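Architecture at a glance
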Amino acid sequence: MELGRSSLPLLGQAGGRSLQTCRWKCAYDCFHDKPNRSGNEPFTSVVERGLTRRGFLKGAGAALVLTAATPLVGGSAAAQTGRNGRGPGFEPIAPSMVDDVIVPDGYEYGVLLRWGDPVLPDAPAWDFNNQSPEAQAGQFGYNCDFVAFMPLPSRSSNSGRGLVWVNHEYTNPEVMFPGYSSDSPTAAQVDIERMAHGGSIVTVKRDRRTGHMQFVQDGGWNRRIHAETPMELTGPAAGDALLRTSVDPTGTQVAGMLNNCAGGVTPWGTILTCEENFHQYFANRAAVSDDRVADLHARVGIPEGASERKWELFHSRYDVAQEPNEPFRFGWTVEIDPYDPTFTPRKRTALGRYKHEGATTRLTADKRVAVYSGDDEVFEYIYKFVTVGRYRRNDRAHNLGLLDEGTLYVARFDIDEDGNGVGEWLPLVFGEGPLTPENGFASQADVVIDARRAGDLVGATPMDRPEDVEPSPLTGAVYAALTNNTSRTEPNAANPRSPNRGGHVIEWNEDGNDAAATTFTWRFLLICGDPDDPTTYFAGFPKELVSPISSPDNLLFDRRYNLWIATDGQPTFLGHNDAFHVVPLSGDSRGHVQQFLSVPVGAEACGPELTPDEQTLFCAVQHPGEGSTAASPSSTWPDRRSPPRPSLVTVVKADPRGGVRIGT
Ligand code: FEO
Ligand code: CA
Ligand code: CA
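Time to look at the overall build of the protein. A count of helices and strands for the protein gives 10 helices and 31 strands. A total of 664 residues make up the protein; the buried ones form 64% of that total. Accessible surface computed for the protein: about 21500 Å², of which carbon and sulfur atoms make up 49%.

Protein-derived coordination of the calcium ion (ligand 3) comes from Asp553 (OD), Asp568 (OD) and Glu604 (OE), at a distance range of 2.2 to 2.9 Å. Mapping the donors of the calcium ion (ligand 3) onto the primary sequence gives the spacing D-x14-D-x35-E. A separation of 3.0 Å is found between the calcium ion (ligand 3) and the calcium ion (ligand 2), which are bridged by Asp553. Residue Asp568 is located in the loop between strand E26 (562-567) and helix H10 (570-574), and its partner Glu604 is located in strand E29 (residues 604-610); the two are separated by 36 residues in the primary sequence. Each member of the pair Asp568 and Glu604 is classed as buried.

Here the structure, examined in full by the defined rule, presents 26 aromatic pairs. Aromatic side chains Trp564 and Phe596 sit 5.1 Å apart centroid to centroid with 65 degrees between the ring planes, which places their arrangement in the edge-to-face category. One end of the pair, Trp564, is in strand E26; the other, Phe596, is in strand E28 (residues 594-598), and 32 residues separate them in sequence. Pair check on accessibility: Trp564 and Phe596 agree, each one buried.

Quick look at the sheet that holds E29 now. Taken together, the four strands give an open sheet; going across it, the order is E1-E31-E30-E29, and neighbouring strands pair in antiparallel fashion. A single partner strand is all that each edge strand has here, and the edge strands are strand E1 (107-114) and E29. Strand-to-strand, the axes of this sheet are offset by a mean angle of 25 degrees, without reference to chain direction. The sheet contact formed by E1 and strand E31 (residues 647-653) spans seven bridges and is antiparallel. Residue pairing for E31: Tyr107 is matched across the bridge by Lys653.

This part covers the pairing of strand E4 (residues 198-206). Taking burial as the measure, the nine residues of E4 include eight buried ones, the bulk of the element. Here strand E3 (residues 161-168) pairs with E4 via eight bridges, running antiparallel. Across the sheet, the residue bridging to Asn167 is Gly199, located in E4. Of the pairings in the sheet, the one linking E4 to strand E6 (residues 223-225) comprises three bridges and is antiparallel in character. Considered in E6, the bridge of Ile201 is made with Arg223. Of the strand pairs in this sheet, E4 and strand E5 (residues 213-215) are connected by three bridges, and their pairing is antiparallel. Bridged to Lys205 within E5 is Gln214. Turn length for the E4-E5 hairpin, with the two strands adjacent in sequence and antiparallel, is six residues, and the turn residue Gly211 shows positive phi of about 85 degrees.

Glancing now at the confidence of the model for the protein. The share of residues in the protein with pLDDT of 70 or more is 89%, and the mean pLDDT across the chain is 91. This stretch, residues 1-12, has a pLDDT under 50; its non-local contacts, to residues over four places away or in other chains, come to 19 contacts. Counting contacts from residues 76-85, a segment whose pLDDT is below 50, to residues more than four positions away or on other chains yields 28 contacts.

It is worth spelling out the coordination of the calcium ion (ligand 2) at this point. For the calcium ion (ligand 2), every protein donor is listed as Cys261 (SG), Glu357 (OE), Glu357 (OE), Glu467 (OE), Asp553 (OD) and Asp553 (OD), and the spread of their distances is 2.2 to 3.2 Å. Here the donor residues for the calcium ion (ligand 2) map to a single chain with the spacing C-x95-E-x109-E-x85-D.

Position of Asp578 relative to the elements: it lies in the loop between H10 and strand E27 (579-584). Spatially, the C-alpha atom of Asp578 lies 9.0 Å from that of Ile549, the residues being 29 residues apart in sequence. Apart from residues no more than four positions distant in its own chain, Asp578 is found in contact with Thr567, Asp568, Gly569, Gln570, Pro571, Leu597, Ser598, Val599, Ala603, Glu604 and Ala605. In this structure the side chain of Asp578 is engaged in a polar contact, spanning 2.9 Å, whose partner is the backbone nitrogen of Gln570.

What follows is about the pattern of salt bridges. Applying the stated criterion across every chain yields a total of 41 salt bridges. Taking the shortest distance from any N to any O, the salt bridge between Asp376 and Arg465 comes out at 2.7 Å. Placement of the pair is Asp376 in the loop between strand E14 (368-374) and strand E15 (378-380) and Arg465 in the loop between strand E19 (463-464) and strand E20 (466-471), with a sequence separation of 89 residues. You'll find Asp376 and Arg465 in the same group, each marked buried.

Below, the discussion takes up the sheet that holds E27. Taking strand neighbours across the sheet as the criterion, the four strands line up as E25-E26-E27-E28 in an open arrangement whose pairing is antiparallel. Strands at the two margins of the open sheet, each flanked by one partner only, are strand E25 (552-557) and E28. Across the sheet, the mean angle from the axis of one strand to that of its neighbour is 25 degrees, orientation sign disregarded. Where E26 meets E27, five bridges bridge the pair, whose relative direction is antiparallel. The partner of Leu563 across the bridge, within E27, is Val583.

To continue, consider helix H6 (residues 291-300). Along H6, the residues classified as buried are Val293, Ala294, Leu296, His297, Arg299 and Val300. Where H6 is buried, its residues touch E15 and helix H9 (451-458). Measuring from the backbone nitrogen of Arg292 back to the side-chain oxygen at the start of H6 gives 2.9 Å, which picks out Asp290 as the cap. Just past H6, the residue Gly301 takes up positive phi, approximately 90 degrees.

What follows concerns unusual backbone geometry. Across the chain, the bulk of peptide bonds are trans and the bulk of non-glycine residues have phi less than zero. Here the residue pair Leu152 and Pro153 is connected by a cis peptide bond, since its omega of -5 degrees sits within 30 degrees of zero. Among the secondary structure elements, Pro153 is positioned in the loop between strand E2 (144-151) and E3. Along the chain, Ser498 connects to Pro499 via a cis peptide bond; the corresponding omega equals -5 degrees. With respect to the helices and strands, Pro499 occurs in the loop between strand E21 (478-482) and strand E22 (504-510). Although it is not a glycine, Asn513 sits at a positive phi angle of roughly 50 degrees. Looking at where Asn513 falls in the secondary structure, it is placed in the loop between E22 and strand E23 (519-527).

Thresholds, definitions, all that
Residues numbered from 1 in each chain as written. Chains lettered and ligands numbered in written order. Predicted model: local features only at pLDDT ≥ 70, side-chain atom pairs only at ≥ 80, totals over all residues. Heavy atoms only, no water. Helix = DSSP H or I, 4+ residues; strand = E, 2+ residues; numbered from the N terminus. Buried < 20%, exposed > 50% of the residue type's maximum accessible area, 1.4 Å probe, protein only. Areas by Shrake-Rupley, 256 points an atom, 1.4 Å probe, with all protein chains shown as cover. Donors = N, O, S within 2.8 Å, 3.2 Å for Na, K, Ca; no water. Phe/Tyr/Trp six-rings, centres within 6.5 Å; stacked < 30°, edge-to-face > 60°. Pairing = 2+ DSSP bridges. Axes fitted to C-alpha atoms, helices over the stretch in contact; angles between N-to-C directions. pLDDT = per-residue confidence, 0-100. Contact = heavy atoms within 4.5 Å. Polar contact = N/O pair within 3.5 Å; in protein donor to acceptor, adjacent residues only side chain to side chain. Salt bridge = Lys/Arg side-chain N within 4 Å of Asp/Glu carboxyl O.

Structure (structure tokens):
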């Protein structure tokens, strides 16, 4: 069912987001019907076998009561290493509603790049009242999200000079353009938006005096990737009939990438940047005559009629009535070599097509490559891809072919007879199990294009919006941020609240601590919210000592066994701005969530990223002022004399007594 536009305001807010966030981030995805699509064992029977028997749940779907003595919530992945986390050494900040970036005493922030700042050497200065697609194509894009610091020279651990990759996930046209009309955007506005999507590669060097990073405009690597950048499709779906269009009858070439949310870095120094809510750029599903194509488009949420953005008015490829296969060329993980400015980005279809949040890597025991990813929509799945080939440290050409051949798995979470969290990686391989012609799969191309339905058929566990899924480089334990799911009415083993407004973080250990394992054990790290809420859980740490946290999204590890958690949705759920929080993963401080940073009004906190020496922290401030307009902005950060500008900031110690590393 599609909801009428007029009914949306009555529904208020979804999942801790403002309605404008829902509109531009995912085209009101949460407001559409979300049937539980999985063939999993129903939650109630899982609970009856495990949770309820152990007294975890008081009544079906009611408040969760966790005790530290139970296997499902006890334990520490890091403890398996015999190492103790020391915990962060800073004074946590109080939750904030201030229209600024707030950091702890002894720290300071600086703005590195703002939306519109020139990135290419010949790009013009930003002029809010005279924007153009040509200018934007050379300038820093909108809504910065994933951030990766890549040292120079490559394969070094130099923190003084490097490249920074930044995703530009989406645009907020009513904040970008004076007098924007969503009913009749202009062709120029649409093309500025298209050029403001994608990513930026920027050269930076550290200012020795302040410690902040400075942008180097004549750095030879600076590059903008946008909605028209030529890209290749590789892997099992490349060339498939579903990927062919009138412009590309080969099904192997595509212009641009869209809605790149989070990402990761490969062991060979390339970027993985992931297309998330790609459905929102396409229109007119109701006019598609091929039933199979229409069903595939429905599963990812392509609108029956006009899109919110209305790009289809000016570019026929966004109109599936005219170009029904164009959406199959989006929803992929894109590999980009930041050290090669001539590199043609490659959409790696072997990793599956869905609303990818990020893609993070770890080598298996035999040096193959595992890539973890989540599908960020309510009731969707967590995935892992394991390559056939092995990483070779000194063979870049070989490594650049690794992500085209391997096994895609989807995660199932259960509870065993003893109440322990156990899990299984279920292979999504054509011809195995239900993935056969009888069920509509004629090839591995069909499996990766329709990865969600393949996951349904094998019995994957529907999750509460998987955001970052990331293995710790120190311990190998894997962490998944589940942002929220206000549509959930039936909890399941790994998603214990219905509805789940605050989100949670789960932790698992691959069996044998091998990223190639097909079984694992899991437990909750955090069940988020106001600590006064009895359904919250902070790894057993005393609740009165933790900072409130909700809507966990992006993750980062430091070298002191701490997990950094960026949030997306605290303003609605907790009543204060989004944030960076730090939580020790081991030792006595495990679960001691402390807030480190707060972003301006209306913004989402993204990144985070640290330089190798951990002296510089990056924060991407995404969509400040979202929910307002350019004429009456709710935020004026960072310039104070213009509408807000999404920006990349660096945080350093202003007072280095006690050390220069962040959080020490
Ligand atoms: Fe773009 Fe899943 O946040
Ligand atoms: Ca995200
Ligand atoms: Ca998010």
